[in-house]
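Descriptive analysis of the structure
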Amino acid sequence: MASWKGIYFILTLFWGSFFGSIFMLGPFLPLMFVNPSWYRWINNRLVATWLTLPVALLETMFGVKVIITGDAFVPGERSVIIMNHRTRMDWMFLWNCLMRYSYLRLEKICLKASLKSVPGFENSKARSNAFAEKNGLQKYEYVLHPRTTGFTFVVDRLREGKNLDAIHDITVAYPHNIPQSEKHLLRGDFPREIHFHVHRYPIDTLPTSKEDLQLWCHKRWEEKEERLRSFYQGEKNFYFTGQSVIPPCKSELRVFVVKLLSILYWTLFSPAMCLLIYLYGLVRWYFIITIVIFVLQERIFGGLEIIELACYRLLHKQPHLNSKKNE
């Protein structure tokens, strides 16, 4: 049964993202066709303001405790984060970790489309074990077997363009309750504690061949399995690794202030936009037209990121063609 906490959490996030997309991101859409780099710079920061909202609600309103151990993040470093998945909501809980290291505006999530319909960890574990049996691999109890094709592709492409500094291997664990899906959050079943253990690997320590990189990734998941076994069968923390809590690059006071400002801003933002729509006809027309644009671009092109990438390629290709003509 849904609880008031769950309903408040879901509706606050939904209305914030809905009105934020229209009234914060919408006005900058034309910039995408003129200068995609500027558009991306602004877009990242606007989106990051919304990403602070679930962090603020989880920790300030619902008392979720976050503990981070292991290696520190380097602010501004270009990295690929690999993480085990224990619930459908791991990607959102990760924001609680990243906000403390100024990574929210830089984070991009890569998920297979099929994961949208994954029913839960236990069902996925059955599929993972079937995959392991078919391929002669070890069956896991606490993690799912990684599909290494996407990992090797992303690492190889970023390394080719010299856009990768490190790999951050994050192990996430829940010592108490483990909400498996959005339904659990709607019922008010928020995790009491979330533990993140971070291991940083400089890019020059990784193997270069695709096959060795796949083996490297499998090795990391074997280590995660053992680490999580020790976590759940022991005192339910990662202190046994010998690495203590990482000091965040932002002080906890600063994090607390950001969370309070986020709740205040987004609590006022959505009602304020509703008031503007009610009072001004011009705002109503803008509201309707922007919704139509968002719906059409999604159905025709498959998302704004597709259009943005096409604009970037077109604008960066044009100077190259002009230079060839001049030759």
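Look up: the structure comes first, before these words.
A few points on the structure. Predicted model only: the values in this text are computed from it and were never measured.

Things to note about the overall build of the protein
When its secondary structure is counted, the protein shows 11 helices and four strands. Since a compact globule built from 327 residues should have a radius of gyration of about 20 Å, the 22 Å found for the protein is in line with a globular shape. For the protein, the spread of C-alpha atoms along the principal axes amounts to about 65 × 60 × 40 Å. Considering the protein as a whole, with its 327 residues, one finds that 43% of them fall into the buried category. Taking the contacts inside the protein whose residues are at least 6 apart along the sequence as the reference set, 79% of them involve residues at least 24 apart. Carbon together with sulfur atoms contributes 62% to the accessible area of the protein, which is approximately 18,300 Å² in total. Computed over 40 positive and 28 negative side-chain charges, the separation of the two mean positions in the protein equals 6 Å.

Considering helix α4 (residues 90-98)
Most of α4 is tucked away: eight of the nine residues are buried. Inspection of α4 places Asp90, Met92, Phe93, Leu94, Trp95, Asn96, Cys97 and Leu98 among the buried residues, and these make up the whole buried set.

Concerning the pattern of salt bridges
The full count for this structure, using the stated rule, is 13 salt bridges. A salt bridge links arginine 40 to glutamate 308, with the shortest nitrogen-to-oxygen separation between them at 2.4 Å. Of this pair, arginine 40 sits in helix α3 (residues 36-61) while glutamate 308 is found in helix α11 (residues 304-326), placing the two residues 268 residues apart along the sequence. Overall, arginine 40 belongs to the partly exposed group, its relative accessible area being 24%. Judged by relative accessible area, glutamate 308 falls into the buried class, the value being 11%.

Thresholds, definitions, all that
- Residues numbered from 1 in each chain as written.
- Predicted model: local features only at pLDDT ≥ 70, side-chain atom pairs only at ≥ 80, totals over all residues.
- Heavy atoms only, no water.
- Helix = DSSP H or I, 4+ residues; strand = E, 2+ residues; numbered from the N terminus.
- Rg over C-alpha atoms; globule rule 2.2 N^0.38 Å.
- Buried < 20%, exposed > 50% of the residue type's maximum accessible area, 1.4 Å probe, protein only.
- Contact = heavy atoms within 4.5 Å.
- Areas by Shrake-Rupley, 256 points an atom, 1.4 Å probe, with all protein chains shown as cover.
- Lys, Arg positive; Asp, Glu negative; His and termini not counted.
- Charge placed at Lys NZ, Arg CZ, Asp CG, Glu CD.
- Salt bridge = Lys/Arg side-chain N within 4 Å of Asp/Glu carboxyl O.

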